Amino acid sequence: MKVKLLIALFFLVQVTIAQNFQTVEEVNDACAQLGFATNEDAEIAVDNILDQVGLQRNFIIVECPNINNAVAKNIEMEDGLKARYILYDSYFFERFNSKGVNDWPALSILAHEIGHHLNGHALNNQGSNHKYELEADEFSGFVLGKMGASLSEAQSAIAALRYAKATSTHPAKADRLLRIEKGWKKSGNNTKIIEDDVKNAELNYTNGLKEYQNENYLDALFLFQKAAEKNHLMAQSYCGYMYENGKGINKDLKKAKFWYEKAANSGDSYSQNNLAKMYNNGKGIAKDYMSALYWYKKAAEKGYARSQAALGTMYRDGEGVTINYNTAISWFRKAADQNNTLGLSCLGHLYENGLGFSKDNIQALYWYKRAADLGDSFSQNKLGNFYRDGKGVAVNDYTAFSWYQKAAEQGNENSQSNLGWMYMNGEGVAINYSSARYWLEKAAEQGNANSQVNLGYMYDVGKGIPVNKTKAIYWYKKSARQGNKTAQSNLKILGETW
């Protein structure tokens, strides 16, 4: 409240009270109860300001009651000459500590008044003018910048002024703020504002995470974007993710790319990986394997496991690069060393199919098992196949069923199809047509041709359910159109085409 009062009176004091002091005698009369004794904190504050410019005082500083401000004034001496004074109220300085730097609004006003004297301004009965005020503002901004104030702190006194328009003696508020900024920039010290930006960005990011976890996605995005605009990498990556996936908002792949690219260019591996995926899959942008390769490699070289595995698949499949199994294996191993499930399963795939290695089902089983134990549904389905078919291990339908079930519950359509078959035929589990139908429908709805023909067969012959030729034909046609020969043959028997 006190600082607000001080600021509110800033102009009024300069153009009224200050101009009433025309001679030393008037100053003596007004300040009689205190004389010319100066306050130590005021002296220290003035010295700190002058230290920034390396100049000596060319004014006298005097404590004077009831002016609630600091005022630069030229006052007539007995010999007719004028001396420079800065008058101040002790109330004005009561919040200063011994260093005189804990109240930026008050310090900026004091620096402004000192600026009037150091610039040789003659404050007379006609008052000030725009030129003088702007020069003093620039000096104030420069000094406070040198003292470590942020731009907002250097501008705080003027920013708090109630009236924005220019007067006959003082420029418009906006012009004064710009001039303070000019001085502040000249100081060459923007450390404080950078520190403040970093702190505020981190706070917005932290609060954004809380809102995100509480599923208040719009509030989260607002906070993330505030942090992202101050170059907070994690906030930028969250913005990209939310726009890419429509998390609480409409999907906007252009904005997703914008934020991923911002973070990626600053070295964020997560965003580099996601940007690479967008290029690799042509998601929201033209498919571009070379750009995908570039960004995957950026992240992979910094140890980002997902990008290492993805880079391996590009070398394995020849996407944007000549097929090179040795390079693919190298990247897969780096990812696998970090227990990345794609890297692990891809090594299993290479051993199973003899790509870059001699075929080795035991090695394939080893890598698939490591990925399956970490929850990878692709590898869980593969283990089901290995135990069902006796590849690198003795046939064991019960173990096969167990792995299929794990993968099926995660939505793996091949395992859902295999699980349906096993329930329908009693392999590794007791026959259960209801469960067979449940899992076959799950896989069939995902487009699995084997499940579609098997589901069609259940309706065709009444396997645990009433015969329904219409539904049988429906599912047979779905499968037949994908090239399933059994479905095509059954449709011919029923006199249907596909």
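The model shown is predicted, which means the values in this text are computed figures rather than measured ones.

## Observations regarding the overall build of the protein
So, point 1. Counting its regular elements, the protein contains 27 helices and three strands.
So, point 2. When each of the 498 residues of the protein is scored for burial, the buried share is 47%.
So, point 3. Considering only intrachain contacts with a sequence separation of at least 6, the fraction spanning at least 24 residues in the protein is 53%.
So, point 4. Total accessible area on the protein is roughly 23900 Å²; 48% of this is exposed by carbon and sulfur atoms.

## A word on the environment of Tyr398
So, point 1. Its place among the elements puts Tyr398 in helix α22 (residues 397–408).
So, point 2. Tyr398 gets classed as exposed once you look at its relative accessible area, which sits at 63%.
So, point 3. Considered as a pair, Tyr398 and Gly428 are 30 residues apart in the sequence and their alpha carbons are 4.3 Å apart.

## Some points on the environment of Ala166
So, point 1. Secondary-structure assignment places Ala166 in the loop between α9 (156–159) and α10 (173–186).
So, point 2. Between the C-alpha atoms of Ala166 and Arg176, which are ten residues apart in sequence, the distance is 9.8 Å.

## With respect to the nonpolar core
So, point 1. Counting 78 residues, the largest nonpolar core has Phe224, Tyr296, Leu311, Leu347 and Leu419 as its most contacted members.
So, point 2. Once residues within four sequence positions are removed from consideration, Phe224 is found in contact with Tyr205, Gly208, Leu209, Tyr212, Ala235, Tyr238, Cys239 and Met242.
So, point 3. By size, the runner-up hydrophobic cluster in this structure holds 26 residues, among which are Trp104, Ala149, Leu151 and Ile158.

## Focus on the confidence of the model for the protein
So, point 1. Across the protein, the average pLDDT comes to 85, with 84% of residues at 70 or higher.
So, point 2. Residue range residues 1–19 is modelled with pLDDT below 50. Its contacts to residues more than four positions away, or to other chains, number 48 contacts.
So, point 3. Between residues 95–102, whose pLDDT stays under 50, and residues either more than four places distant or in other chains, the model counts 21 contacts.

## Description of the packing of helix α21 (residues 377–389) against α22
So, point 1. Following both chains from N to C, one finds α21 and α22 inclined at 165 degrees, their axes separated by 8 Å at the closest point. Here α21 is positioned roughly antiparallel relative to α22, judged by the angle of their axes. At the point where α21 passes α22, the crossing takes the left-handed sense. Across from Ser377, Gln380, Asn381, Leu383, Gly384, Asn385, Tyr387 and Arg388 in α21, the residues of α22 making contact are Asp397, Thr399, Ala400, Trp403, Tyr404, Lys406 and Ala407.
So, point 2. Residues belonging to the contact of α21 with α22 are distributed by class as follows: six nonpolar, six polar and three charged.

## Section: helix α26 (residues 469–480)
So, point 1. In this model, α26 (twelve residues) spans 16 Å end to end at C-alpha, consistent with the 16 Å of a helix rising 1.5 Å per residue.
So, point 2. Summarising the contacts, the buried residues of α26 are in contact with α24 (433–445), α25 (449–461) and α27 (485–493).
So, point 3. Where α26 begins, the side chain of Asn468 points an oxygen toward the backbone nitrogen of Thr470, at a separation of 3.2 Å.

## Let's talk about the side chain of His170
So, point 1. Its location among the elements puts His170 in the loop between α9 and α10.
So, point 2. Side chain to side chain, His170 and Thr169 meet in a polar contact 2.7 Å long.

## What about unusual backbone geometry?
So, point 1. Positioned with a positive phi, Glu215 is a non-glycine residue whose angle comes to about 65 degrees.
So, point 2. Here Glu215 is to be found in the loop between α11 (191–213) and α12 (217–228).
So, point 3. Overall, Glu215 belongs to the exposed group, its relative accessible area being 56%.
So, point 4. The backbone of Asn231 sits at a positive phi, close to 70 degrees, despite the residue not being glycine.
So, point 5. Here Asn231 is to be found in the loop between α12 and α13 (233–245).

## Here we look at the pattern of salt bridges
Pairing of side chains with opposite charge becomes possible as their charged atoms draw close.
So, point 1. Under the criterion given, the structure shown has 16 salt bridges.
So, point 2. Taking the shortest distance from any N to any O, the salt bridge between Glu138 and Arg179 comes out at 2.6 Å. One end of the pair, Glu138, is in helix α7 (residues 130–146); the other, Arg179, is in helix α10, with 41 residues separating them in the sequence.
So, point 3. By relative accessible area, Glu138 is classed as buried at 12%.
So, point 4. Taken together, the shared-partner salt bridges connect Glu133, Asp137 and Arg176 into one network.

Procedures and definitions
- Residues numbered from 1 in each chain as written.
- Predicted model: local features only at pLDDT ≥ 70, side-chain atom pairs only at ≥ 80, totals over all residues.
- Heavy atoms only, no water.
- Helix = DSSP H or I, 4+ residues; strand = E, 2+ residues; numbered from the N terminus.
- Buried < 20%, exposed > 50% of the residue type's maximum accessible area, 1.4 Å probe, protein only.
- Contact = heavy atoms within 4.5 Å.
- Areas by Shrake-Rupley, 256 points an atom, 1.4 Å probe, with all protein chains shown as cover.
- Core = buried A, V, L, I, M, F, W, Y, C linked by side-chain atoms within 4.5 Å.
- pLDDT = per-residue confidence, 0-100.
- Axes fitted to C-alpha atoms, helices over the stretch in contact; angles between N-to-C directions.
- Parallel < 35°, antiparallel > 145°, perpendicular 65-115°, else oblique.
- Left-handed = near helix turned anticlockwise from the far one by under 90°.
- Nonpolar A, V, L, I, M, F, W, Y, C, P; charged D, E, K, R; others polar.
- Expected span 1.5 Å × (residues − 1).
- Polar contact = N/O pair within 3.5 Å; in protein donor to acceptor, adjacent residues only side chain to side chain.
- Salt bridge = Lys/Arg side-chain N within 4 Å of Asp/Glu carboxyl O.

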